[in-house]
Amino acid sequence: MKSRYLLTYFKMKGWRLTLAVMYLLTQIVIVLVECHTVNKHLQIATFYNPLGRIENISTNSKGLMEKELLETLSKKMNFTYDITVSTDVLQFGFPGNESWSGVLGKLARKEADMTISFGPVSYPRFLSFDATVGIFRDHVVIMIPHPESGIDTSGLVSIFSPFTWILIAISLVIVAMALWFVNHFQHDRDDQINGGLLILYILGVTLSQGGSLPQKSAVFRMVLGAWLLALIVLTYAYTGTLKSRLTAPKHRFIINSLEDAAANKKIMPFVVKESSVQEEFMLSPTPAFQEIANRWQDHPELLLRDSNGIVDLVAKQKNRIFIGSDINAGWNIESDRKRGGKCRAILLPDKLVTRNNGLFLQKHSSLTAAFNDENLRLLQAGIARQIEVRHSPSLPACSVSSLSTHSAAPTPLRYDQLNAAFYILAGGCCLSLIVFLLEMLCYYWKRFQSRPIIV
């Protein structure tokens, strides 16, 4: 009986010991998962200030985000660091013949352990480097000059295309010459009209001022009637288009989409050289993306060292745009507005690409798993989102929502849209020419019939 009691006692004590050991192991695992301490001194690569301390480069939104992120990671994972900056390109860089350029070149040459500058993972980067999970999200957007409001003096002329205006001027000269010709060969001297009065009448009718010009000649009336019918079409087309422009939405954008920029050869798109955005366009099979990428290749002056001063470049000429991350583009627009007190640029609402941005490490790095786990913890705890919100413009004053509904740039009326007026004029002139010839034949036939016969 006593032995059975002792056996039961030792069994219970063994179970308690087992549970205690399991609990201790569980706590150790939890601590290891939560901490992921590195306990090393790392070389961290960046191309932004304030960490990079780069001359002639101002601090932007991404630079502040990566600074706070690095401070958070170093405290949680217990590592120290030195900052290294690429000397060739202030961006991630592209693969070259021997090595990558930019901060990725630092990783490839093992001059840095990790980039604190965050970016999307492309296929070439995936093959050459380790990447952590995406910790921040951004969008590729288009920055354009702030749209002008209303209609200026040139808008009164641009209603018709230049070719249409030339045809109207030629028609006016032809009608004036035809009426003068008909008037000059009038047989009834009482019906002839002074040349100056005739020109004044034509200008008065053309400018919708009216006038009175009594004339019995059928040819004269036919030419004038054809011109008046053509003027009705042209006048209604002009006044109707002018009214629509005056009552249409006041703000007009130079482009409404990337497709508009690709179709218009005059549009000059700026981009940061060897950035993730440029790489995105180079690798994309989309025709509009390829067209813009080819334009960058043909015009190297469109490739910028950095995005500082991009608002000045875009605002100076109306055919310039910038394609880049909405984080930095929005930051530059708001900073420029605070300095100058007005909006000089704006972002189109359509997002070209949405990207998840992570950190990059050397290929097969022993640190990748630890940084992946810590980034996931920051995401799940909402810390990454707090960092992003803290350094992003919350309610940008320079936005499409602050404007009235925008529309595309007005298109002038072309000849093929107004050819009916010129057909009427040409038909009337041809018919009046036939009548004029018939009148001349009749006149000379009557003179021939009434000639005196000498016997």
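Rules behind the numbers
- Residues numbered from 1 in each chain as written.
- Predicted model: local features only at pLDDT ≥ 70, side-chain atom pairs only at ≥ 80, totals over all residues.
- Heavy atoms only, no water.
- Helix = DSSP H or I, 4+ residues; strand = E, 2+ residues; numbered from the N terminus.
- Buried < 20%, exposed > 50% of the residue type's maximum accessible area, 1.4 Å probe, protein only.
- Contact = heavy atoms within 4.5 Å.
- Areas by Shrake-Rupley, 256 points an atom, 1.4 Å probe, with all protein chains shown as cover.
- Core = buried A, V, L, I, M, F, W, Y, C linked by side-chain atoms within 4.5 Å.
- Phe/Tyr/Trp six-rings, centres within 6.5 Å; stacked < 30°, edge-to-face > 60°.
- Lys NZ or Arg CZ within 6 Å of the ring centre and 35° of its normal.
- Expected span 1.5 Å × (residues − 1).
- Polar contact = N/O pair within 3.5 Å; in protein donor to acceptor, adjacent residues only side chain to side chain.
- Disulfide = S-S within 2.5 Å.

Draft legend 1. Structural detail: the overall build of the protein. For the protein, the count of helices and strands is 16 helices and 13 strands. Burial analysis of the protein (455 residues in total) assigns 43% to the buried set. Considering only contacts in the protein between residues 6 or more positions apart, those separated by 24 or more positions represent 79%. Counting every atom, the protein has about 25600 Å² of accessible surface; 61% of that belongs to carbon and sulfur.

Draft legend 2. Main features of the nonpolar core. M143, F281 and I323 are the most contacted members of the largest nonpolar core, which totals 38 residues. Once residues within four sequence positions are removed from consideration, M143 is found in contact with I310, V311, V314, I321, F322, A329, I333, A345, I346 and L347. Among the nonpolar cores identified, the runner-up in size contains 23 residues, and M65, L69, M77 and L367 belong to it.

Draft legend 3. Structural context of the packing of aromatic side chains. The full count for this structure, using the stated rule, is 12 aromatic pairs. With 5.5 Å between their ring centres and 70° between their planes, F92 and F360 make a pair best called edge-to-face. Placement of F92 in the loop between strand 2 (80-85) and helix 3 (102-108) and of F360 in strand 13 (residues 360-362) is noted, with a sequence separation of 268 residues between them. F360 matches F92 in its accessibility class, with the two residues each being buried. Taken together, the ring pairs connect F47, Y48, F92 and F360 into an aromatic cluster. Sitting over the face of the ring of F92, R125 holds its NZ or CZ atom 4.7 Å from the ring centroid.

Draft legend 4. Local environment of helix 13 (residues 326-340). Its 15 residues place the ends of helix 13 21 Å apart at the C-alpha level, agreeing with the 21 Å of an ideal helix rising 1.5 Å per residue. Those residues of helix 13 that sit buried are D326, I327, N328, A329, G330, N332, I333, E334 and D336. As for helix 13, its buried residues are in contact with helix 2 (61-77), strand 5 (136-145), helix 12 (310-316), strand 10 (320-325) and strand 11 (345-347). Where helix 13 begins, the capping side chain belongs to S325, and its oxygen is found 3.3 Å from the backbone nitrogen of I327.

Draft legend 5. A look at the state of the cysteines. Tallying each qualifying case throughout the model produces 1 disulfide. The side chain of C343 participates in a disulfide bridge whose partner is C398; the two sulfur atoms lie 2.0 Å from each other. A torsion of -85° about the S-S bond marks the disulfide between C343 and C398 as left-handed. With C343 in the loop between helix 13 and strand 11 and C398 in the loop between helix 15 (383-390) and helix 16 (415-449), this pair connects stretches of sequence that are 55 residues apart.

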